[in-house]
Amino acid sequence: MPQSMFEPVYKEIFPFWDEIPADVQESICRHSVAMTYLKGTTIHDGSECSGVFFLRSGCLRVYIMSEKGKDITLYRLYPGDMCMLSASCVLQTITFDVMIDAEEDSECYVISGPAFAAVSENNPKIKIFSLETAISRFSDVMWVMQQILFMSMDQRLAIFLCDEAKRIGSDIIPLTHEQIAKYMGSAREVVTRMLKYFANEGIVEVSRKGVSILDKKRLRALTL
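Residues numbered from 1 in each chain as written. Predicted model: local features only at pLDDT ≥ 70, side-chain atom pairs only at ≥ 80, totals over all residues. Heavy atoms only, no water.

**Description of the nonpolar core**
Alright, step 1. Grouped together as the largest cluster of nonpolar side chains are 23 residues, with contacts concentrated most on Tyr10, Phe14, Trp17, Ile28, Phe116 and Ile126.
Alright, step 2. Those elements giving two or more residues to this core turn out to be α1 (3-13), α2 (22-30), β3 (52-57), β8 (106-111), α3 (113-122) and α4 (124-150).
Alright, step 3. When near neighbours in sequence (up to four residues on either side) are disregarded, isoleucine 28 contacts Tyr10, Trp17, Ile20, Ile111, Val119 and Ile126.
Alright, step 4. Of all hydrophobic cores here, the second largest spans 21 residues; its members include Ile180, Leu195, Ile203 and Ile213. (Core = buried A, V, L, I, M, F, W, Y, C linked by side-chain atoms within 4.5 Å. Buried < 20%, exposed > 50% of the residue type's maximum accessible area, 1.4 Å probe, protein only. Helix = DSSP H or I, 4+ residues; strand = E, 2+ residues; numbered from the N terminus. Contact = heavy atoms within 4.5 Å.)

**Considering the layout of surface pockets**
Any empty space left between atoms is shown by rolling a water-sized probe over those atoms.
Alright, step 1. Its boundaries defined by the atoms lining it, the largest pocket holds a volume of some 570 Å³.
Alright, step 2. What lines the largest pocket is a set of 22 residues, among which Tyr75, Arg76, Trp143, Phe160 and Asp163 lie closest to the centre.
Alright, step 3. Residue assignment for the lining of the largest pocket shows that the elements contributing at least two residues are β5 (71-77), α4, α5 (153-168) and α6 (177-184).
Alright, step 4. The greatest single-element share of the lining of the largest pocket, amounting to seven residues, is contributed by α5.
Alright, step 5. Partitioning the lining of the largest pocket into residue classes produces ten nonpolar, three polar and nine charged.
Alright, step 6. One number sums up the size of the second largest pocket: a volume of about 270 Å³.
Alright, step 7. Taken together, 17 residues line the second largest pocket, and the ones lying closest to its centre are Glu103, Glu104, Leu175, Gln179 and Tyr183.
Alright, step 8. When its residues are assigned to classes, the lining of the second largest pocket shows seven nonpolar, three polar and seven charged. (1 Å grid on protein atoms, 1.4 Å probe; cavity = no way out; pocket = protein on both sides within 12 Å on 5 of 7 lines; lining within 4 Å. Points joined across faces, edges and corners; volume = space filled by probe spheres on them. Nonpolar A, V, L, I, M, F, W, Y, C, P; charged D, E, K, R; others polar.)

Right, here's the structure in full:
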């Protein structure tokens with residue numbers, strides 16, 4: 001891919017771009033590819049250093065999976081987001097494997113992990129950016145762990161519904177019970193039972209369109 005395709009985007013998203021040598025800029029662009037992933041595709045299975053993902057469109061889900069096949073969503077990536085945890089060769093202190101699926105048809109720029117690791121070793125500004133990006137995601141991971149370990153199911157569900165409504169700018173959340181359970185790291189039956197309780201209390205309405213929030217005040221009260 002020509003450097004002119006990637007450079008305008010990297011100039012915008014990488015704070016170090018104008019401070020690194022031209023040959024390093026060229027190397028990063030030369031080792032970049034534009035990829036399109038269909039919904040449901042596993043784009044990183046944790047077995048290798050896939051690279052640094054920058055999401056242009058769509059949605060990616062980053063999760064961990066147990067040996068028994070149970071998975072926990074760590075966070076989701078949306079347009080403009082970047083994932084460093086898929087580049088274990090860049091951040092060698094990462095000792096756990098994450099998996100990444102395309103939740104929607106998604107377009108990404110992917111920078112080769114080994115190539116990015118090579119330039120980061122000789123450019124402290126790139127290394128610091130990589131660490132800061134990973135640390136910001138670890139705060140998301142810790143928030144997920146805190147919810148799972150220390151919060152009740154009704155509190156977790158209320159937090160999820162409030163956060164999702166804020167993210168999409170709508171009180172109608174177009175997700176199935178199974179999708180909500182997957183994002184929360186719970187079982188569909190548990191989510192269904194809790195949504196039924198919320199519906200009986202007049203807090204939400206459940207339909208084929210998804211979950212409609214009827215009483216924001218009471219839902220927010222459950223998050224506390």
